[in-house]
Each structure stands twice: as C-alpha cells, then as structure tokens.
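Fold and contact review
Residue-level listing of the chains:
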Amino acid sequence: MIRKDVIIIGGGAAGFFAAINIAEQNSKLKVTILERSKEGLQKVKVSGGGRCNVSHAEFIPQELVQNYPRGEKELLGPFHQFMTGDTIEWFEKRGVELKIEEDGRMFPVSNSSQTIIDCFLNEAKKYGVDVLYNHIVKSISKKKGWFQIETSEGLFSAEKILVATGSNLKIWKVLEDLGHTISQPVPSLFTFNIEDERIKDIPGVVAQHVEISVLETDLFSEGPLLITHWGMSAPSILKLSAFGALQLAKRDYKFQIKINFIRKSFEDCLEVLKTSKQDLAKKTVFKSTHFDLPKRLWHQLVLASNISEDTRWADLNKVQLEVLASQLTQAVFKVNGKSTFKEEFVTAGGVDLKEVNFKTFESKLVENLYFAGEVLNIDAVTGGFNFQNAWTGAFIAAKNIIK
C-alpha cells in the first residue's frame with residue numbers, strides 16, 4: 001500500500017487547484033492526484049471553445065451566487081472567502097494575465113486554454129505534487145483514521161482526501177457507500193430542439209433581447225436568442241435549461257415556451273402596428289421591419305400571421321394586426337427534446353449539500369473527506385461560473401486540509 005498525506009481524486013480544474021494550494025502552503029505534505037484518464041484537465045481544455053472561460057466579471061458575492069440554480073445559498077459564505085478578484089490575483093501571481101470580454105466572461109490574454117493547463121502542470125511540478133494518470137478509483141474505505149483507496153493500479157492510503165471528480169456516476173456510488181446522499185443527476189445547460197416553420201429556414205439569426213417563459217411553470221429568462229438548425233440556443237435558452245433542469249427532466253424535455261421577441265406588451269405592440277398602418281399605408285408589411293428585429297425573423301413572423309409578401313399596411317385588417325402583435329409578443333413554440341450545449345456538458349446533481357460544511361468544504365458525515373467542484377450538487381449557467389465554483393471550493397478545502 002502506498003501511503004500519502006493527502007490524496008486528491010480527480011485531475012480536473014478543482015483537483016489541480018486544490019493540490020497546488022496545499023503543496024505550496026505546506027511543503028511537508030505529500031500530495032498525490034489520482035486521475036482516471038491518460039491526461040487530466042480535459043474540461044479546462046475544451047471550455048470556452050478552447051480558450052478556457054476562467055471566471056466571470058462579477059465582484060459582489062450576493063450577485064455572483066444568482067448564477068447558480070443549485071448552490072446559490074451555500075456559496076454565499078465561500079465567495080466572501082475567495083471569489084473572482086482572488087482568482088484574477090492567483091493567476092496573475094503565476095504569470096497568467098486574464099482579460100474581461102464585453103459579456104463579462106474572463107479568459108487568459110493568450111486566448112488559449114493551454115496557458116491555464118501549462119500553469120497548473122508547472123505549479124504542480126514546482127511544488128512536488130505527484131500526478132498519477134490511468135488510476136481508476138474503485139472503492140474508498142476508512143480504517144483507524146486512514147482512508148484506504150483501491151484503484152485499478154493498486155492500493156493507496158491517506159489521512160485526508162479531497163474528491164474533485166465532477167459528474168462521475170461511479171464515484172458518486174463510492175461516496176454513497178461511505179454514507180453520502182447523491183441528488184439524482186440530470187442534464188443542465190442544454191439547447192432546445194424545436195421543429196417549427198417560423199424558424200426552419202433562418203438558422204444563425206440572433207434576436208438580441210427576448211423574454212421567454214415555459215408554459216405551466218414559473219420558469220422565465222431573458223437575453224439573446226439564437227436560432228439554430230435544430231431549434232434554439234444562446235443565453236436566454238441556456239438559463240432556462242439550467243434553472244429548469246429538474247422540472248424539464250420530469251417533462252421528458254417535451255414542453256411549450258412563450259417568447260416575447262420585442263419586450264413590449266401585446267397592447268403596446270398593437271398600438272405601434274396601428275400607427276404604422278396609417279403612416280406606412282402604401283408600403284408592404286413584409287419589407288417594413290419593426291422593433292429592431294432581424295429582417296429574416298420579421299419576415300417569418302409576418303408570414304406566420306397570414307400576411308402575404310405583397311400586402312400593404314393599409315390593407316391589414318383588425319385580425320391580421322392582432323395576430324402579428326401576438327406573434328411578436330407571445331409566440332408559442334413546442335420543444336421536443338434537447339441537445340448538449342457545445343462540449344460544455346454540465347450536470348445538476350451530486351453530493352447532497354446538506355451533508356457538507358461550506359466553511360471548510362469538509363463532509364459532515366466523514367471526517368477528513370473534502371469536496372470541490374461539480375461532484376457536489378452545484379451547477380451554474382454558462383459564462384465561467386462553474387469554474388469559479390471549482391476555484392473557490394478547492395481553495396477553501398486546501399486551506400482547511402493544511403490545518
């Protein structure tokens with residue numbers, strides 16, 4: 001049996017961040033990472049289209065937590081200990097400068113996730129962290145204050161362990177065997193599959209700011225909307241998918257959404273259209289795009305209102321005006337299924353948050369067992385928030401492991 005002081009299970013973002021912080025702050029501790037695949041940091045590599053969306057420019061804990069459908073309440077305290085500003089400082093001290101983009105997402109100035117990977121690998125090497133690849137953890141038990149970890153490559157023991165395996169069903173089963181409760185995992189952050197004549201021929205069109213609600217629920221979001229070959233995506237949809245992860249899973253991803261493309265009430269929209277009927281009498285409705293909508297989307301909504309391409313404003317009847325106002329402010333679309341959002345697969349589910357002490361990220365049930373990252377039932381909307389949760393949890397766990 002190989003004996004270590006601290007074993008980190010999982011060589012991803014949270015695992016490396018914790019290992020480096022432990023080893024840097026206490027050089028006497030022997031720290032080992034056990035990673036199941038042949039290389040670690042895979043999610044770091046593909047995040048943000050290969051640029052690594054390190055965090056998000058949100059500097060007030062109370063506002064930052066609002067991006068976590070699961071974990072909002074629990075992360076408030078931890079974010080007062082370590083959050084975005086600390087992340088920026090941590091990387092800058094190690095020669096990695098970060099930049100903030102217009103939408104608030106933060107990336108390395110190099111625009112390459114390899115910069116973050118190299119930083120972690122160099123720091124791990126510098127502080128003597130042992131990284132063992134192809135080590136699949138099969139079981140964890142505890143005897144006389146020491147953890148025994150059975151892996152595909154042999155037995156290990158350690159006084160303290162940190163689990164940072166992300167959404168890993170096998171590790172969740174191992175943690176259940178230690179007495180932990182696992183919240184049922186369901187997908188979060190996904191796009192909607194929609195077959196509808198109104199959007200069939202306009203993939204790539206972006207409506208800059210829409211309001212969307214899911215019928216028969218209280219789910220609501222706003223933001224940009226992207227029409228794709230298979231349906232709809234972009235932040236307004238992704239927010240709904242994250243905050244509605246459990247409700248939408250129960251519906252087997254079959255439900256209806258209502259979209260207000262122009263963020264005006266039906267009545268206000270109708271008044272604008274009536275004014276256009278007078279002011280633009282001789283012009284065709286089809287060619288008179290309104291409300292800063294993309295031209296191709298306006299065309300589809302006009303046609304869906306039973307208004308032909310050559311109909312003039314003057315010729316619109318009351319019913320056509322009302323149908324067009326309805327298409328613009330309360331268009332209903334039928335969702336039938338989901339698709340994964342890029343490579344950034346996020347899961348809602350994991351270790352029940354009631355069983356974790358968020359001052360230390362230690363298990364309340366098993367002494368000296370710590371957690372960081374998405375192994376917990378914490379997940380966020382897109383934009384660097386899942387990584388910030390990883391850095392915060394790993395940093396606080398590391399600080400307490402050293403104690």
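Described in the following lines is the structure provided in the data block.

Moving on to the pairing of strand 18 (residues 346-351). When you tally the buried positions in strand 18, you get six out of six residues, the bulk of the element. Here strand 10 (residues 182-188) runs beside strand 18; their pairing, made up of five bridges, is antiparallel. Within strand 18, the position partnered with S183 by the bridge is G350.

Located in the positive-phi region is D252, a residue other than glycine, with phi close to 55 degrees. On the basis of relative accessibility, which here comes to 47%, the residue D252 falls in the partly exposed class. With phi around 60 degrees, N306 is a residue other than glycine that occupies positive phi space. In this structure, N306 sits in the loop between helix 12 (295-304) and helix 13 (318-329).

One can describe the packing of helix 12 onto helix 13 by two numbers: an axis separation of 9 Å at closest approach and a directional angle of 135 degrees. Considering their axes alone, helix 12 and helix 13 lie oblique with respect to each other. By crossing handedness, the relation of helix 12 to helix 13 is classed as right-handed. Listed contacts from helix 13 to W298, L301, V302 and A304 of helix 12 are V323, L324, Q327 and L328. In terms of residue class, the contact of helix 12 with helix 13 is built from seven nonpolar, one polar and no charged.

Here we come to the environment of D118. Within the secondary structure layout, D118 lies in helix 6 (residues 113-126). The class for D118 is partly exposed, based on a relative accessible area of 34%. Sequence spacing of D118 and I202 is 84 residues, and the spatial spacing of their C-alpha atoms is 41 Å.

Further remarks concern the nonpolar core. With 86 residues, the main nonpolar core has F91, F120, L175 and L376 as its most contacted residues. The element best represented in this core is helix 14 (residues 385-402), accounting for ten residues. Contact partners of L175, with chain neighbours within four places excluded, come to V163, H180, I182, V351, L369, F371 and V375.

Here we come to the sheet that holds strand 14 (residues 231-233). The strands making up a sheet associate through hydrogen bonds between their backbones, and the pairing can be parallel or antiparallel. The seven strands lie next to each other as 16-15-12-13-14-11-17, forming an open sheet whose pairing is antiparallel. The open sheet has two edge strands, strand 16 (331-336) and strand 17 (338-340), and neither has a second partner. Across the sheet, the mean angle separating the axes of adjacent strands is 40 degrees when strand polarity is ignored. As paired elements, strand 15 (residues 254-260) and strand 16 share six bridges and run antiparallel to each other. Across the sheet, Q256 pairs through a bridge with K334, a residue of strand 16. Set on the sheet, helix 9 (residues 235-243) makes contact with strand 11 (190-193), strand 12 (206-214), strand 13 (220-227) and strand 14; between it and strand 13 the angle comes to about 130 degrees. This element, helix 13, spans strand 15 and strand 16 of the sheet and lies at about 110 degrees to strand 15.

What counts, and at which threshold
Residues numbered from 1 in each chain as written. Predicted model: local features only at pLDDT ≥ 70, side-chain atom pairs only at ≥ 80, totals over all residues. Heavy atoms only, no water. Buried < 20%, exposed > 50% of the residue type's maximum accessible area, 1.4 Å probe, protein only. Helix = DSSP H or I, 4+ residues; strand = E, 2+ residues; numbered from the N terminus. Pairing = 2+ DSSP bridges. Axes fitted to C-alpha atoms, helices over the stretch in contact; angles between N-to-C directions. Parallel < 35°, antiparallel > 145°, perpendicular 65-115°, else oblique. Left-handed = near helix turned anticlockwise from the far one by under 90°. Contact = heavy atoms within 4.5 Å. Nonpolar A, V, L, I, M, F, W, Y, C, P; charged D, E, K, R; others polar. Core = buried A, V, L, I, M, F, W, Y, C linked by side-chain atoms within 4.5 Å.

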